[in-house]
Amino acid sequence: MEFGPRGMFSSGVLGGARIEARRRLARVLFQVGGGLALMLALGTLGLLVFNLVKGAWPAFRWSVLTTTTQGTGGGLANALLGTLWLGLLTTAIATPVGVATATWMTVWGRRHAQGILLASDILAGVPSIVFGYVGYLAFVLAVGWGFSALAAAFTLGMLVLPYVVRNVAQALQQVPYQLWESAMALGFTRIRAIWHILWPQAGPGILTGVVLASGIAMGETAPLLYTAEWSQNLPSLALTHHAVGYLTYVVWAFIQEPYPSAVALAYMAGLLLMLMVGSLALWGRLRVTVPRGRGGFSLPRR
Amino acid sequence: MQHRLKSIVTAAAATLLVAGCGSTAAKGTAASPSQAAGTGSSVTILETGSTLLYPLFQQWVPAYEAAHPNVHITPAGTGSGTGIAQALAGAVQIGASDAYMSDAQMKPGILNIPLAISAQVVAYNLPGLNQTHLNLSGPVLAGIYTGKIGYWDNPQIRAANPGVSLPHQPIIPVRRNDSSGDSFLFTQYLSKSAPSVWTAGYATSPSWPAVPNEASATGNGGMVEFLKANPYSIAYVGISYLNQLESDHLGYAALQNPASQYVLPTQDNIEAAAKAMVPTTPPDERISLIDAPGASAYPIINYEYAIVKADQPSANMASALKAFLTWAISPQGGNQAKFLDSVHFLPLPSSVVTLSQHQIDEIH
Amino acid sequence: MRFINADIYQAGREATRVGERQPWSDRLASWAMGVIALTPALVLLGLLGYLLWSSWPIWQWMGWRFFTDTRWALGNLYGHPVAIGGWQVMPGAAYGALVFIVGTALTSLLSLLFATPVAIMVAAATTFVLPRRWRGLLAAVVETMAGIPSVIFGLWGFTTVAPVVTHAVAPWLNRVLAPLPFFSGPVESQTNLLVAVVVLTLMIMPIIAATSRLAMENVNAAWVEGAMALGFTEWEVFRHVVWPKIHSGILGAMILGLGRALGETMAVLMVSGNALNVLPQNWFSPVSTMAATIAGQLDSALTDPSGMAVRALGALGLVLFGITVLTNLGARAAARMALSAGPHSSAEWGY
């Protein structure tokens, strides 16, 4: 291992100034490079948001939120509610499974926890269109639900499950072990300790994790194209055989239309998505203190 | 369970609407999902498919729903192939298609019901020449889409367009990326009019030859958008987008018909082609109307089909579907000029209405 | 992540209740939750099984030609199916995925190449360069960028990036890179490889940056403080203290970014040009990727009465599935190396 720049401590008086200048240059270059890279990232974000707002401008009217899509014009109430509805259904499917999985991993899992986490992580890496393909063939055709909220929610449920598992497991790990130990010492059964201590203590973390996962679900497009399809009507409570509209569809399909009303709606849908998903993600990011190090303690942040 | 879900959605809707729009909230909630679920006899008909037929459905649906408040129709423009496939799979009730189904695709109890007569235009973006209607023929288009004709000033194009100064620019042939009845019509025209150049056959998703600078777009709308953004490109577009082509100042071609005349997709020329071809319509109405004889006949016209399963899951759905389709083909209903004119479709001749009605009557 | 608390909880249990049988309620709960906990693995196996089952005839029929042929054609759908190798196939059909495999490799590797240096600089800036109070906020913003739905990048790419890249950047690139064969050529349509690469680069950069940042943050704080105290500049701390410790963390981040680029569907579908049957001639050519092809061609495939086209997309899905699983395992391996490299690393936490 190399300590410090070569010659840093052994340089003679003569070389010193030159070396100092070089060090200063390297430092400035590093700062400038970092600054430029950061500007590129923030510039991208800024341009993206600016572009969305500018494009959505013609559609800025309250009725966008209250009226349904008519052809390539109208409003986005159907898509907005559809996105929320699908997000809700997906969460309703993925949360119990994810929480149970994470709880079992934490309390009983032991060696198997690693295996489950491995499967879960690999699942998180599977491209969303693969879920869409299988979801269409399995839920829409084979099971026979048709284009429907349920087919879409199950497809998305599989997709977000690994995120729920990981987020909830993280939240459960944040619970101080001493609490668990005390409960055990008091003779709690595990299920009681889970119900009265582990889950309530991890509650906010679990909530954050689930909300983050629902944000991922609401931002998806590819798995929905062939499962929820598209509808101009407000989502109905029928879970099967009724197509559902959603915001990402509007972005994808309407931006390619030659009509100004359609293009404005596409931007508007993008902006609404950005607001919803982006604020959920930012909220979650600021809430979650990423655990560092082992067990119940965190390394102080520099 | 059902009840709880309902109240959740209604609550979500209400919250959103209240948050979103203040005083108009009351109006908005009136249309909330609880209403649709509340009335027992309401029927939702799903339609998907042809983006050429989509603009017409957009006009039909509000008019029909206004007169039949308990029927909801959900149209979607996804491409004819999707229309056919989803109707077959039973995922939708009406699959809209510019293409009739092939023998291999056909299954017993599947109906191909013409709803109107349509046509296709070949459009392009040639800066400076978009007000000129170029003369294009099947062999030239086949040459372009096989990569054999690469530049706009190709001798074959020049020969057909005397006096037009064509630029030496590479042609970008645009095809549909989704499965499309327009691809079907276009490749059928190429197959019939240039069989020696175009050997790939015809289909909603044809086996496109490898052309290095080809491009693709999704939906008729995507084709128009692509033309707008990319000078020197050429694309085939359903006639229901003609108004849009004109307002975007894009050009479209006069196509060569079997009588070797270059004709524009005017109402008269489409009508002339329809007159010649309609009498040949068989009872199952699956027929190509491409390359009609006659000096003024426009070569690419077609029936716009509703692909419907005769056997519907419920009597309720069957009767709603029959009523809607009967209205759609009726000269007093969906085939009125006020609906068809803006998309440049022609109404079905009475002989075809009769044939279509026979098919509609098979729905049960 | 090593699943640490499970061990602690277990150890605690054994310490306090050695040999004691769990009450029936716990055994029931353990059994029930244990079954549910199999779900991720079952879903994974289910996907794999479905894709295998769906694509089986394609492997039998096309074999290796699936990977080496450029021709992807549904055949004459208005003809009658012919029997090939015991399967009904439309006449003239062929399913060679080389175009999509090459397109996937080109788009993802090129975007990885461009995104990585920027991402590392962004991560370094939010860890070392910026004033302390800005670091957390900007890091959060960059991480939020990683969560922007891909369809929004597609919209932006389609409407803004594509015209700018095609009409402003491409002619300039053409002049500068004129001698290079692949990196110059006629610019024709607005949807092409370069635009896809630019959009993908901007998409995966925040992911790589966020994960790299975690790796950097996990370098022992004492070493960093110590180096600072010795008079190291930020650059020297980064270069000589941090960098040697984060090689594998960065590798893991790159592999995560690669995984995202490989599987990206909507953004690529909207800006790549969706080439069929033809390999890119230069980086202004239209391309297509496996993921975008599945999304873009599924509707076409459904019109094939022989069902082969749907199966061919299943074969594409299987290949994509395999590649992304391997990529993910690679990321884990790299992260494990990172874990053993630093005393407090848990770089793979951020996905």
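These figures come from a predicted structure and were not determined experimentally.

### Points about the overall build of chain C
Here comes step 1: When helices and strands are counted, chain C shows 13 helices and four strands.
Here comes step 2: For chain C, the spread of C-alpha atoms along the principal axes amounts to about 75 × 70 × 30 Å.
Here comes step 3: Taking all 351 residues of chain C together, 63% fall into the buried category.
Here comes step 4: Across chain C, contacts joining residues at least 24 apart in sequence account for 76% of those joining residues at least 6 apart.
Here comes step 5: Summing over all exposed atoms, chain C offers an accessible surface of approximately 12,500 Å²; the carbon and sulfur share of this is 69%.
Here comes step 6: Computing the positive centroid from 18 side-chain charges and the negative centroid from 15, chain C places the two 3 Å apart.

### Quick look at the pairing of strand S8 (residues 233–238) of chain B
Residue and element names in this part refer to chain B.
Here comes step 1: Counted residue by residue, S8 has six buried out of six residues, so it is predominantly covered.
Here comes step 2: Pairing of strand S4 (residues 110–124) with S8 involves five bridges; the strand directions are antiparallel. Bridging from a neighbouring strand, Ala123 pairs with Ala235 of S8.
Here comes step 3: Sheet topology note: the strand S6 (residues 172–176)/S8 ladder contains two bridges and is parallel. Bridge pairing links Pro173 to Ile234 in S8.

### Here's the deal with a nonpolar patch on the surface
Here comes step 1: Together, Val28, Val32, Leu36 and Met39 of chain A give the surface a local cluster of nonpolar side chains, amounting to about 380 Å² of exposed area.
Here comes step 2: Counting through the fold element by element, Met39 of chain A comes out in helix H1 (residues 13–56).

### Let's talk about helix H3 (residues 77–109) of chain A
Residues and elements named next belong to chain A.
Here comes step 1: With 33 residues, H3 extends 44 Å from end C-alpha to end C-alpha; this agrees with the ideal 48 Å at 1.5 Å per step.
Here comes step 2: Taken as a whole, H3 carries its principal kink of about 30° at Ala94; the proline Pro96 stands between one and four residues after it.
Here comes step 3: The element H3 is extensively covered by neighbouring structure, given that 27 of its 33 residues are classed as buried.

### As for the sheet that holds strand S5 (residues 135–136) of chain B
Residues and elements named next belong to chain B.
Here comes step 1: Read across the open sheet, the three strands follow the order S5-S10-S11; overall the sheet is mixed. A single partner strand is all that each edge strand has here, and the edge strands are S5 and strand S11 (262–263).
Here comes step 2: Pairing between strand S10 (residues 254–256) and S11: two bridges, direction antiparallel. The residue bridging Leu255 from the neighbouring strand is Val263, located in S11.

### Regarding the interface of chain C and chain B
Here comes step 1: Facing 32 residues of chain C, the contacting portion of chain B comprises 35 residues.
Here comes step 2: Together chain C and chain B conceal approximately 2,600 Å² of surface at their shared face, both sides included; 53% is due to carbon and sulfur atoms.
Here comes step 3: Per-residue buried area on chain C facing chain B is highest for Tyr78, Glu188 and Thr303 of chain C; these three make up 28% of the total on that side.
Here comes step 4: On the surface where chain C and chain B come into contact, there are 16 residue pairs in polar contact (both at pLDDT 80 or more).
Here comes step 5: If one sorts the elements of the side of chain C that touches chain B by residue count, helix H12 (residues 290–301) of chain C sits on top with four residues.
Here comes step 6: Partitioned by chemical class, the residues of the side of chain C that touches chain B number 13 nonpolar, 16 polar and three charged.

### Notes on the packing of aromatic side chains
Here comes step 1: The full count for this structure, using the stated rule, is 50 aromatic pairs over all chains.
Here comes step 2: On the basis of an interplanar angle of 40° and a centroid distance of 6.0 Å, the ring pair of Phe57 of chain B and Phe324 of chain B is categorised as tilted. Pair noted here: Phe57 of chain B is in helix H4 (residues 54–67) and Phe324 of chain B is in helix H12 (residues 315–329), with a separation of 267 residues, a long-range link. Both residues of the pair, Phe57 of chain B and Phe324 of chain B, belong to the buried class.
Here comes step 3: In textbook terms, an aromatic cluster arises when at least three aromatic residues are bridged by ring pairs, as seen for Trp59, Trp61, Trp64, Phe66, Phe67, Trp72, Tyr95 and Phe100 of chain C.
Here comes step 4: Directly above the aromatic system of Trp53 of chain C lies the positively charged group of Arg311 of chain C, at a separation of 5.3 Å from the ring centroid.

### A short note on the environment of Ser193 of chain B
All names here are of chain B.
Here comes step 1: Looking at where Ser193 falls in the secondary structure, it is placed in helix H8 (residues 181–193).
Here comes step 2: Each C-alpha atom, one on Ser193 and one on Ala142, is 9.0 Å from the other, the two residues being 51 residues apart in sequence.
Here comes step 3: Within polar-contact distance, the side chain of Ser193 engages the backbone oxygen of Tyr189 at 2.6 Å.

### Structural notes on the interface of chain C and chain A
Here comes step 1: Opposite the 110 residues of chain C that make contact, chain A presents 108 residues.
Here comes step 2: Counting every contact that joins chain C to chain A gives four salt bridges.
Here comes step 3: Here Arg332 of chain C ties to Asp121 of chain A by a salt bridge, and the two come within 2.7 Å at their closest N and O atoms.
Here comes step 4: For the side of chain C that touches chain A, the class distribution of residues is 66 nonpolar, 28 polar and 16 charged.

### Quick notes on unusual backbone geometry
Residues and elements named next belong to chain A.
Here comes step 1: Residue Glu229 is not a glycine yet carries a positive backbone phi of 55°.
Here comes step 2: Mapped onto the secondary structure, Glu229 falls in the loop between helix H9 (222–225) and helix H10 (247–254).
Here comes step 3: Using a relative accessible area of 6% as the deciding quantity, one classes Glu229 as buried.

### Quick look at the side chain of Thr281 of chain B
Residue and element names in this part refer to chain B.
Here comes step 1: Within the secondary structure, Thr281 sits in the loop between helix H11 (267–277) and strand S12 (301–309).
Here comes step 2: Judged by relative accessible area, Thr281 falls into the buried class, the value being 12%.
Here comes step 3: In contact with Thr281, other than residues within four places in its own chain, are Ile287, Tyr303, Val352 and Leu355.

### Structural notes on the pairing of S4 of chain B
Residues and elements named next belong to chain B.
Here comes step 1: With 15 of 15 residues buried, S4 is to be regarded as a mostly interior element.
Here comes step 2: Taken together, the nine bridges between S4 and S12 define a ladder with antiparallel strand orientation. Of the residues in S12, the one forming a bridge with Ile113 is Ala306.
Here comes step 3: The pairing of S4 with strand S9 (residues 251–252) spans two bridges and is antiparallel. For Tyr124, the partnering residue across the bridge sits in S9 and is Gly251.

### Some remarks on the environment of Asn78 of chain A
Residue and element names in this part refer to chain A.
Here comes step 1: Along the chain, Asn78 turns up in helix H3.
Here comes step 2: The class of Asn78 is buried, set by a relative accessible area of 0%.
Here comes step 3: On a C-alpha basis, the gap between Asn78 and Leu282 in space is 26 Å, while along the polypeptide they are 204 residues apart.
Here comes step 4: Those residues in contact with Asn78 that lie beyond four places of it in its chain are Thr67, Thr68, Thr69, Trp230, Ser231, Gln232, Asn233, Leu234, Pro235 and Gly245.
Here comes step 5: A polar side-chain atom of Asn78 sits 3.0 Å from a polar atom in the side chain of Thr69.

### A look at the side chain of Ser183 of chain B
All names here are of chain B.
Here comes step 1: Its location among the elements puts Ser183 in helix H8.
Here comes step 2: At a separation of 2.8 Å, a polar atom in the side chain of Ser183 contacts the side chain of Tyr236.
Here comes step 3: Not counting residues up to four positions away in its chain, the partners in contact with Ser183 are Arg176, Ala203, Thr204, Pro206, Trp208 and Tyr236.

### Observations regarding the nonpolar core
Here comes step 1: Grouped together as the largest cluster of nonpolar side chains are 336 residues, with contacts concentrated most on Leu325 of chain B together with Trp72 and Tyr95 of chain C.
Here comes step 2: Looking at which element gives the most residues to this core, the answer is helix H6 (residues 149–173) of chain A, with 16 residues.
Here comes step 3: Excluding anything up to four places from it in sequence, Trp72 of chain C contacts Phe66, Ala94, Tyr95, Gly96, Ala97, Phe100, Leu276, Asn277, Ala312, Leu313 and Leu316 of chain C.

### Some details on the pattern of salt bridges
Think of it this way: side chains of opposite charge can pair up when their charged atoms draw near.
Here comes step 1: One pass over the full model with this rule turns up 14 salt bridges over all chains.
Here comes step 2: Among the ionic pairs, Glu236 of chain C bridges to Arg23 of chain A, the shortest N-O distance being 2.5 Å. With Glu236 of chain C in helix H10 (residues 234–263) and Arg23 of chain A in helix H1, this residue pair bridges two chains. By the burial criterion, Glu236 of chain C is buried, and Arg23 of chain A matches it.
Here comes step 3: Across the salt bridge formed by Glu234 of chain C and Arg27 of chain A, the nearest N and O atoms sit 2.9 Å from each other.

### Here we look at the confidence of the model for chain A
Detailed reading of the predicted coordinates is not advisable wherever pLDDT falls low.
Residues and elements named next belong to chain A.
Here comes step 1: Counting all residues, the mean pLDDT for chain A is 86, and 90% of those residues have values of 70 or more.
Here comes step 2: Confidence drops under a pLDDT of 50 for residues 1–12, and excluding neighbours within four residues, the segment shows 16 contacts in the predicted structure.
Here comes step 3: Scored below 50 in pLDDT, residues 290–302 shows 27 contacts in the model against residues more than four places distant or in partner chains.

### Structural notes on the packing of helix H5 (residues 128–142) of chain A against H12 of chain C
Here comes step 1: Where H5 of chain A meets H12 of chain C, the axes come as close as 9 Å, and the angle between the chain directions of the two elements is 35°. The two elements H5 of chain A and H12 of chain C cross, and the hand of that crossing is left-handed. Contact with H5 of chain A, carried on its side by Ile129, Tyr133 and Tyr136 of chain A, involves Ala291, Ile294, Ala295 and Leu298 of chain C of H12 of chain C and no other residues of that element.
Here comes step 2: Looking at side-chain class alone, the contact of H5 of chain A with H12 of chain C contains seven nonpolar, no polar and no charged residues.

### Notes on the domain arrangement of chain A
Residue and element names in this part refer to chain A.
Here comes step 1: Taken domain by domain, chain A consists of domain 1 (4–59) and domain 2 (63–285).
Here comes step 2: Here domain 1 and domain 2 have C-alpha centroids that lie 38 Å from each other.
Here comes step 3: Each partner contributes residues to the interface: domain 1 has 10 residues there, and domain 2 has seven residues.
Here comes step 4: Contact with domain 2 buries area across many residues of domain 1, yet Leu52, Ala56 and Ala59 alone supply 59% of it, more than any other trio.
Here comes step 5: Connecting domain 1 to domain 2 are zero salt bridges.
Here comes step 6: Summed over the shared surface of domain 1 and domain 2, the result is zero residue pairs in polar contact (both at pLDDT 80 or more).
Here comes step 7: Of the residues assigned to the side of domain 1 that touches domain 2, the class counts are eight nonpolar, two polar and no charged.

Conventions used here
Residues numbered from 1 in each chain as written. Chains lettered and ligands numbered in written order. Predicted model: local features only at pLDDT ≥ 70, side-chain atom pairs only at ≥ 80, totals over all residues. Heavy atoms only, no water. Helix = DSSP H or I, 4+ residues; strand = E, 2+ residues; numbered from the N terminus. Buried < 20%, exposed > 50% of the residue type's maximum accessible area, 1.4 Å probe, protein only. Contact = heavy atoms within 4.5 Å. Areas by Shrake-Rupley, 256 points an atom, 1.4 Å probe, with all protein chains shown as cover. Lys, Arg positive; Asp, Glu negative; His and termini not counted. Charge placed at Lys NZ, Arg CZ, Asp CG, Glu CD. Pairing = 2+ DSSP bridges. Patch = residues over 30% accessible without salt bridge, like charges linked within 9 Å, V, L, I, M, F, W, Y side chains within 5 Å. Salt bridge = Lys/Arg side-chain N within 4 Å of Asp/Glu carboxyl O. Expected span 1.5 Å × (residues − 1). Bend = angle between axes of the 7 residues up to and from the residue. Buried area = accessible area lost by both parts, 1.4 Å probe. Polar contact = N/O pair within 3.5 Å; in protein donor to acceptor, adjacent residues only side chain to side chain. Nonpolar A, V, L, I, M, F, W, Y, C, P; charged D, E, K, R; others polar. Phe/Tyr/Trp six-rings, centres within 6.5 Å; stacked < 30°, edge-to-face > 60°. Lys NZ or Arg CZ within 6 Å of the ring centre and 35° of its normal. Core = buried A, V, L, I, M, F, W, Y, C linked by side-chain atoms within 4.5 Å. pLDDT = per-residue confidence, 0-100. Axes fitted to C-alpha atoms, helices over the stretch in contact; angles between N-to-C directions. Left-handed = near helix turned anticlockwise from the far one by under 90°. Domains from an automatic or database assignment.

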